[in-house]
Amino acid sequence: YESILENHSKYNSQNAGNKSFQGGPTLAYVTPWNNHGYDIAKIFKGKFDYISPVWYNIHRRSTNQYELTGGHDVDHDWIKEINGQVDEQRRVKVVPRFQFQDWTQIDYQMLITELNEVDSLVNTLSLECRKQGFDGLVLEASYVILLRNFVMRLGAKLHDQYQELILVLPPRKPSTPHFTADQLDDFSQFVDGFSLMTYDYSSHETPGPNAPINWVEDNILSFTPIMMNRDKLLLGMNMYGMDFYQGRAEHITGNTIIKKIRQHKPIIEWNENLGEHYFQYQENGISHVVWYPSLKSIESRLQLAEDYGTGLSIWEIGQGLEYFYDLL
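Residues numbered from 1 in each chain as written. Predicted model: local features only at pLDDT ≥ 70, side-chain atom pairs only at ≥ 80, totals over all residues. Heavy atoms only, no water.

Bridge count between strand S2 (residues 50-62) and strand S3 (residues 65-69): five bridges; the pairing is antiparallel. Counterpart to Arg 60 in the pairing with S3 is Tyr 66. Following S2, the chain reverses through two residues before pairing antiparallel with S3; Asn 64 in that reversal takes a positive phi of roughly 60°. (Pairing = 2+ DSSP bridges. Helix = DSSP H or I, 4+ residues; strand = E, 2+ residues; numbered from the N terminus.)

Those residues of helix H9 (residues 254-264) that sit buried are Gly 254, Ile 257, Ile 258, Lys 260 and Ile 261. In a view along the axis of H9, the buried residues occupy a sector of 160°, so they form one face of it. Here the buried face of H9 lies against helix H1 (2-7), strand S10 (241-245), strand S11 (248-252), strand S12 (268-271), strand S13 (276-283) and strand S14 (286-292). Lys 265 lies just past H9 and shows a positive phi near 45°. (Buried < 20%, exposed > 50% of the residue type's maximum accessible area, 1.4 Å probe, protein only. Arc of directions from axis to C-beta. Contact = heavy atoms within 4.5 Å.)

In this section: the environment of Val 290. With respect to the element layout, Val 290 can be found in strand S14. Assessed through its relative accessible area of 0%, Val 290 is described here as buried. Sequence separation of Val 290 and Gly 193 is 97 residues, and the distance between their C-alpha atoms is 32 Å. Setting aside residues up to four positions removed in sequence, Val 290 forms contacts with Met 242, Asp 243, Ile 252, His 277, Tyr 278, Phe 279 and Tyr 281.

The structure is reproduced here in structure tokens:
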């Protein structure tokens, strides 16, 4: 723990704007609740091809009527600092996340079956992107497999506006519906990238690692058994930990991880099979187990992505573990 406490906030400032990762594109999410994430994005923006601020929710209000909330969070001064040329070949693109919020099965059914509903939502989203000057958007929705017509038409509309569409995909888990390789290949005709959520593997019911390395690799091979479209697969990588205690599971960001390590000075253990570090501590008589990203676990996942030629999708950038960014 002494090495972590001494080095976690240190990084090579001369290399902060240079991308080291040799795989596909890198997307980084910024959330309003992760302290100083926006500042971290400015410091390390050259490491990323896309930055996705988590701003928008999509609500279906009535027939052909959609409402976007979260637009008040849009910060155009911050966008100007982020959205620029990194070098001769590359510039950072700002693609906010739009998430379906409080949708019922009927809402989804209408979007699946009614062309007017599709066109109404496509127009709502594309207009917002054009009005705000975004480079595109990241779309997160349930039942995405059934939304092919909507995704196709949204992708076409955004491409007409010289903008991009990135689609969030749940990871492959037992007994959970997921994209097949053929479906990913089909959607790739009108989607520019797939943000694969290869994290949150464990839960309060089954405490354990955030993203076992073999499971991450299995997801790559399941979605892209051959090299085709692997550069569009953005492999999810968590920059947060999970604290398990008394049947509960709590997400903890970098600052909190460092606080716990400083307070409890734990013995930190490495699980070779799972490819993750963890530690245990006691607080108010309650036993806790924390699985968290470390330099070793991050490096092994970056190597996996480079070996297979995938990109990265990082949830979420913030303060506390700055030494990670030297690896990206």
